[in-house]
Amino acid sequence: MPFISLFLVLIVFVLGVWMIIRLIRSTRKSNWIMPTEPFPSNWRRLLVENIAFYNGLNDDEKKLFEGEVQEFIANVKVTGSKIAVDDLDRILVASSAVIPIFAFPDWKYYYLDEVILYPSSFNQKFETKGANNSRNILGMVGSGGYMEGKMILSKLSLHQGFTNPHDGRNTAIHEFIHLIDKNDGTIDGLPAVLLDNIYTLPWLDLIDKKIKHIRKNHSDIRPYGGTNRMEFFAVLGEYFFEKPKELRKNHPKLYDLLADVFNQDLAPNAAKMQRLDIGRNDPCFCGSGKKFKKCCGR
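Keep in mind the model is a prediction, meaning the values are calculated, not measured.

Chemist: Even after reading the chapter, I still don't get the overall build of the chain, so can you show me in this structure?
Modeler: A count of helical and extended segments in the chain gives eleven helices and four strands. Within the chain, the fraction of its 298 residues that count as buried is 45%. Just so you have it, the chain exposes about 15900 Å², and 55% of that area is on carbon and sulfur atoms.

Chemist: Even after reading the chapter, I still don't get the environment of K212, so can you show me in this structure?
Modeler: Assignment of secondary structure puts K212 in helix α8 (residues 197-215). Measuring from C-alpha to C-alpha, the distance between K212 and G226 comes to 7.3 Å, with 14 residues separating the pair along the chain.

Chemist: Any chance you could explain helix α5 (residues 87-98) here in plain terms?
Modeler: Owing to its 3.6 residues per turn, the α-helix brings residues three or four apart onto one side. For α5, with twelve residues, the first-to-last C-alpha span of 16 Å sits near the 16 Å given by 1.5 Å per residue. Counting buried positions along α5 yields ten of twelve residues, so the element is predominantly enclosed. Those residues of α5 lying buried are L88, D89, I91, L92, V93, A94, S95, S96, A97 and V98. Capping of α5 at its N-terminal end is provided by D86; its side-chain oxygen lies 3.2 Å from the backbone amide nitrogen of L88.

Chemist: Can you help me understand the nonpolar core in this one?
Modeler: Nonpolar side chains tend toward joint burial in soluble globular proteins. Residues F53, F65, F72, Y109, V115 and F176 are the most contacted members of the largest nonpolar core, which totals 73 residues. Of all the elements, helix α9 (residues 229-242) adds the most residues to this core, at eight residues.

Chemist: Teacher, can you tell me more about α9 here?
Modeler: Between the first and last C-alpha of α9 there are 20 Å, a value that for 14 residues agrees with the 20 Å anticipated at 1.5 Å per step. With twelve of 14 residues buried, α9 is to be regarded as a mostly interior element. Sitting at the head of α9, N228 places a side-chain oxygen 3.2 Å from the backbone nitrogen of M230.

Chemist: Quick question: what am I supposed to make of the pattern of salt bridges here?
Modeler: Summed over all chains, the structure comprises eight salt bridges. Where K108 meets E71, a salt bridge forms, and the shortest distance between an N and an O atom there is 2.9 Å. Of this pair, K108 sits in the loop between α5 and β2 (114-118) while E71 sits in helix α4 (residues 59-75), and the two are 37 residues apart along the sequence. Of the charged contacts in the structure, one is a salt bridge between R222 and E238, with a shortest N-O distance of 2.7 Å. One end of the pair, R222, is in the loop between α8 and α9; the other, E238, is in helix α9, and 16 residues separate them in sequence.

Chemist: Which parts of the structure should I look at to understand the packing of aromatic side chains?
Modeler: Scanning all chains against the criterion turns up 18 aromatic pairs. Relative to F65, the ring of F53 lies with its centre 5.8 Å away and its plane at 40 degrees, an arrangement referred to as tilted. Of this pair, F53 sits in helix α3 (residues 52-55) while F65 sits in helix α4; the two residues are twelve residues apart in sequence, bridging distant segments of the chain. By the burial criterion, F53 is buried, and F65 matches it. Residues F240 and F241 carry aromatic rings whose centres are separated by 5.0 Å and whose planes lie at 80 degrees to one another, so their mutual orientation is edge-to-face. Pair check on accessibility: F240 and F241 agree, each one buried.

Chemist: I would appreciate a short explanation of the sheet that holds strand β4 (residues 150-154) in the present structure.
Modeler: Note: strands within a sheet are paired through backbone hydrogen bonds, in either parallel or antiparallel orientation. Overall, mixed pairing links the four strands, which are arranged β1-β2-β4-β3 in an open sheet. Both edges of this open sheet fall to β1 (77-80) and β3 (139-141), since each of them pairs with a single strand only. Strand-to-strand twist of the sheet, defined as the mean angle between neighbouring strand axes without regard to direction, takes the value 20 degrees. Where β2 lies against β4, five bridges are found, and the strand directions are parallel. Bridged to E114 within β4 is K150. With respect to the sheet, helix α6 (residues 155-163) is in contact with β2 and β4, its orientation differing from that of β4 by roughly 70 degrees. Strands in contact with helix α7 (residues 171-182) are β2, β3 and β4; relative to β3, the strand with the most contacts, it is inclined by about 15 degrees.

Chemist: Mind showing me how you'd approach the layout of surface pockets here?
Modeler: If a probe the size of a water molecule is rolled over the atoms, the empty space left behind becomes visible. Put simply, the largest pocket is a space of about 580 Å³. Considering the residues around the largest pocket, the lining is formed by 23 residues, among which L138, G139, H174, E175 and Y224 are closest to the centre. When residues of the lining of the largest pocket are traced back to their parent elements, those giving at least two are β3, α6, α7 and α9. Here the lining of the largest pocket is built from residues that sort into seven nonpolar, ten polar and six charged.

Rules and cut-offs
Residues numbered from 1 in each chain as written. Predicted model: local features only at pLDDT ≥ 70, side-chain atom pairs only at ≥ 80, totals over all residues. Heavy atoms only, no water. Helix = DSSP H or I, 4+ residues; strand = E, 2+ residues; numbered from the N terminus. Buried < 20%, exposed > 50% of the residue type's maximum accessible area, 1.4 Å probe, protein only. Areas by Shrake-Rupley, 256 points an atom, 1.4 Å probe, with all protein chains shown as cover. Expected span 1.5 Å × (residues − 1). Polar contact = N/O pair within 3.5 Å; in protein donor to acceptor, adjacent residues only side chain to side chain. Core = buried A, V, L, I, M, F, W, Y, C linked by side-chain atoms within 4.5 Å. Salt bridge = Lys/Arg side-chain N within 4 Å of Asp/Glu carboxyl O. Phe/Tyr/Trp six-rings, centres within 6.5 Å; stacked < 30°, edge-to-face > 60°. Pairing = 2+ DSSP bridges. Axes fitted to C-alpha atoms, helices over the stretch in contact; angles between N-to-C directions. Contact = heavy atoms within 4.5 Å. 1 Å grid on protein atoms, 1.4 Å probe; cavity = no way out; pocket = protein on both sides within 12 Å on 5 of 7 lines; lining within 4 Å. Points joined across faces, edges and corners; volume = space filled by probe spheres on them. Nonpolar A, V, L, I, M, F, W, Y, C, P; charged D, E, K, R; others polar.

Following this line, the structure appears as structure tokens:
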């Protein structure tokens with residue numbers, strides 16, 4: 001009898017927590033802001049100069065990307081832990097959030113309240129000082145308690161992820177893929193919001209096979225992907241969004257599955273996915289036909 005009573009109390013507690021989370025998410029959804037102001041031209045320049053993915057899009061897709069970036073910034077706080085946060089930081093964070101779900105414009109980060117930037121790496125206690133070997137975390141998705149609805153990113157790693165857009169490493173995209181994976185209640189490498197049931201079994205079989213290859217050093221997928229299924233999915237996502245042509249060549253089945261999962265076929269436009277420097281005498285990126293210095297650069 002005591003065991004049954006304890007079991008019932010546990011069930012009531014779990015249901016209570018679930019109801020509270022549902023209420024919080026419902027409230028956040030109803031308070032979601034849809035920006036009405038034009039996309040700032042200085043933000044557009046930051047996209048052109050820093051986001052290779054953006055430059056690989058056509059004009060209509062760029063407008064959609066801008067709208068989703070602006071919407072994210074309007075609804076999710078980007079704050080610094082003892083460091084300043086500027087427009088470039090916000091653009092990099094928002095772009096990291098938008099890239100994985102770009103083909104799903106109705107998908108929103110309703111349950112994310114804040115992204116906190118730390119100067120560099122940190123440890124499990126969120127400390128940025130101490131032995132270097134203990135400060136090995138570059139990003140973390142909050143889970144439970146006061147960390148629910150939060151993400152922590154190393155600012156240094158955030159910027160490095162976009163400085164070299166073709167090295168297959170992007171901490172922020174990695175963490176947002178985890179966050180998408182978490183939407184069904186658990187981070188397990190099976191994001192219900194993206195992965196249709198028809199892909200689940202072949203996906204699991206392929207994941208387990210590729211993880212074995214990684215652990216035997218028989219793969220070009222970076223070793224951290226061999227940790228478990230959830231890390232494999234996030235690491236592979238970095239590879240997909242930064243080196244799509246290489247992924248298609250080296251792992252065609254994985255590429256095809258991820259192209260279906262994210263509803264994006266990136267390899268054909270990979271050559272256009274470059275950061276661009278804008279000189280004062282270059283044509284303005286807004287399409288006005290004027291030189292940059294006489295248009296958005298004034």
